[in-house]
Amino acid sequence: MPAKPKPRTLAPKPAAPAAPLLAEVRDLILTAREAVARTVNAGLTLLYWEIGTRIRRDILEEKRADYGEKIVHALSAQLEAEFGPGFTKRNLFNMMRFAEAFSEREIVHALSAKLGWTHFRRIIYLDDPLQRDFYAEMCRMENWSTRTLEQKIKSMLYERTAISKKPDKLIKQELAALRSEDKLTPDLVFRDPYILDFLGLKDTYAEKDVETAILREVESFILELGIGFAFLERQKRMQIDARDYYLDLLFYHRKLKRLVAIDLKLGDFEAADKGQMELYLGWLKRHAVEPGEEAPLGMILCAGKNDEHVELLELASSGIHVATYWTQLLPKKQLERKLHQAVVRARQRLTLSDGKAGRKTTRKAQ
């Protein structure tokens, strides 16, 4: 009589891991993957710089106008056959431009920890070296995606910052401090104008409408202000003697370690606006600044301003920045023309001011 088959027993199901364990292991894997990706990306970026440097050296030594095109074409064909489509003729020229635009390996090495090849490919074709350095360092500091970098360049962020309106020597000094010490200054943070086209304001509107729209779109507003701003309060109440005053918006900047008071104006900037902002800043310094923080800064956002009017009031000494805001982004050509004119005017005023200061010093010496 055949033996009865033994009853089949199912293997026990593995116990489900505890949720905290699964979450922690997933985080470890994802973090490791990101670290590997960053390492690979930095390695490729440095490789491309090395290749570009080597090709440029060979071409410059040859000193023949037609040699560069021929050698790049031949080299590309061989490299593509062996290593794939990353070494097209066009990409080799990109690498050469990369080596030309960023000639110091140490700087490329530092930037490559945060910037990928797609970032560099966009930056290297900017004409102005100071402009290139500005976008590269701000991209590193604020960890911009390639898309954000593209938006910043299109909206001409560099030309809208206060630093672009300074002499080249001072711009180089501030960018060098940013590179070596991560030192941000108000001139790197503040800009003029601010483009608030995302607020959706049309036709006529009141100051309260601007404020309400900013709070509704506060994420986009902070993106336009720049990374590092944190929103604190709306209509900040300040009691001075027996009177109440209300500040439109109060922010804090983490890198500057300063409160930033923002006052909104529908019309043009007036001299009286300076006195009002100084009052706000004085109250904040006495009652709101925490130990270890710098003195608060003020920003007056207005629909328009007269540059000479602002200059004569010497607002920088009071920690006050005056900027206009645009509720619509101008066409690119018009935007370029207006901002270029603003930079030229500002630098001319600085040159004139420095010239007067130099003459005064000479007279005293005599």
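Just so you know, these numbers come straight off a predicted model, no measurement behind them.

Caption draft 1: Examining helix 9 (residues 168–181) more closely. Look at helix 9: 20 Å from first C-alpha to last across 14 residues, which is about the 20 Å you get at 1.5 Å a residue. Within helix 9 the residues assigned to the buried category are Ile171, Glu174, Leu175, Ala177 and Leu178. Looking straight down helix 9, one finds its buried side chains confined to an arc of 155°; they lie on one side. Those residues of helix 9 that are exposed and aimed more than 90 degrees away from the buried face are Lys169, Lys172, Ser180 and Glu181. Once helix 9 finishes, Asp182 follows within two positions and takes phi at roughly 55°, a positive value.

Caption draft 2: Quick look at the sheet that holds strand 3 (residues 243–253). Across the sheet, which stays open at both edges, the six strands sit in the order 1-6-5-4-3-2 with mixed pairing between neighbours. Each edge of the open sheet carries a strand with a single partner, namely strand 1 (194–195) and strand 2 (229–240). For strand 4 (residues 258–268) and strand 5 (residues 297–304), the ladder comprises seven bridges, and the chain directions are parallel. From the neighbouring strand, Ile262 faces strand 5, where its bridge partner is Met299. The sheet contacts of helix 11 (residues 207–216) involve strand 2, strand 3, strand 4 and strand 6 (320–326), and relative to strand 4 the element is tilted by about 135°.

Caption draft 3: View of the packing of aromatic side chains. Scanning the entire structure with this criterion turns up 12 aromatic pairs. Pairwise contacts between aromatic rings join Tyr48, Phe83, Phe87, Phe98, Phe102, Trp117 and Phe120 into one cluster.

Caption draft 4: Representation of a nonpolar patch on the surface within the structure. A cluster of nonpolar side chains, Val36, Val40, Leu44 and Leu47, forms an exposed patch at the surface whose accessible area comes to about 320 Å². Mapped onto the elements, Leu47 comes out in helix 1 (residues 19–62).

Caption draft 5: Representation of the packing of helix 2 (residues 67–83) against helix 3 (residues 89–101) within the structure. It is the contact of helix 2 with helix 3, at a shortest axis distance of 9 Å, that shows an interaxial angle of 120°. Classed by the angle they form, the pair helix 2 and helix 3 counts as oblique. Handedness of the crossing formed by helix 2 with helix 3: right-handed. Where helix 2 abuts helix 3, its residues Glu69, Val72, His73, Leu75, Ser76 and Leu79 lie against Lys89, Leu92, Phe93 and Met96. The class makeup of the residues in the contact of helix 2 with helix 3 is six nonpolar, two polar and two charged.

Calculation notes
- Counting from 1, residues in each chain are numbered in the order their sequence is written.
- Under the rules for a predicted model, residues below a pLDDT of 70 receive no local features and side-chain atom pairs below 80 are neither given nor counted, while totals for whole chains, interfaces and linings still include all residues.
- Remark: hydrogens and water are excluded; side-chain values derive from all non-hydrogen atoms of the structure.
- Elements are defined by DSSP. Helices are runs of H or I of four residues or more, strands are runs of E of two residues or more, and each kind is numbered from the N terminus.
- The span expected for a helix works out to 1.5 Å for each residue beyond the first.
- Relative accessibility under 20% of the residue-type maximum defines a buried residue, over 50% an exposed one, and the middle range a partly exposed one, all with a 1.4 Å probe and only protein chains included.
- Taking the helix axis as origin, the arc is that swept by the directions to the C-beta atoms.
- The rule for pairing is simple: two strands pair if DSSP sees at least two bridges between them.
- Contacts are assigned to residue pairs with any non-hydrogen atoms lying within 4.5 Å of each other.
- Interaxial angles span 0 to 180 degrees and are taken between N-to-C directions of axes, which are lines fitted to C-alpha atoms, for helices over the stretch in contact.
- Pairing of aromatic rings covers Phe, Tyr and Trp, the last through its six-membered ring, and needs centres within 6.5 Å; plane angles under 30 degrees mean stacked, over 60 mean edge-to-face, and all others mean tilted.
- Patch members must show over 30% relative accessible area and no salt bridge, and they are joined within 9 Å when carrying like charges or within 5 Å when they are nonpolar side chains of Val, Leu, Ile, Met, Phe, Trp or Tyr.
- Note that accessible areas follow from Shrake-Rupley with a 1.4 Å probe, and for residues the cover is restricted to the protein chains shown.
- Here a salt bridge means any side-chain nitrogen of Lys or Arg lying within 4 Å of a carboxyl oxygen belonging to Asp or Glu.
- In this scheme, roughly parallel covers angles under 35 degrees and roughly antiparallel covers those over 145, while 65 to 115 is roughly perpendicular and the rest are oblique.
- Note on convention: the crossing is left-handed when the near helix lies turned anticlockwise from the far helix by less than a right angle, right-handed when the turn is clockwise.
- Following the grouping adopted for this structure description, the nonpolar residues are Ala, Val, Leu, Ile, Met, Phe, Trp, Tyr, Cys and Pro, the charged ones are Asp, Glu, Lys and Arg, and the polar ones are all others, Gly among them.

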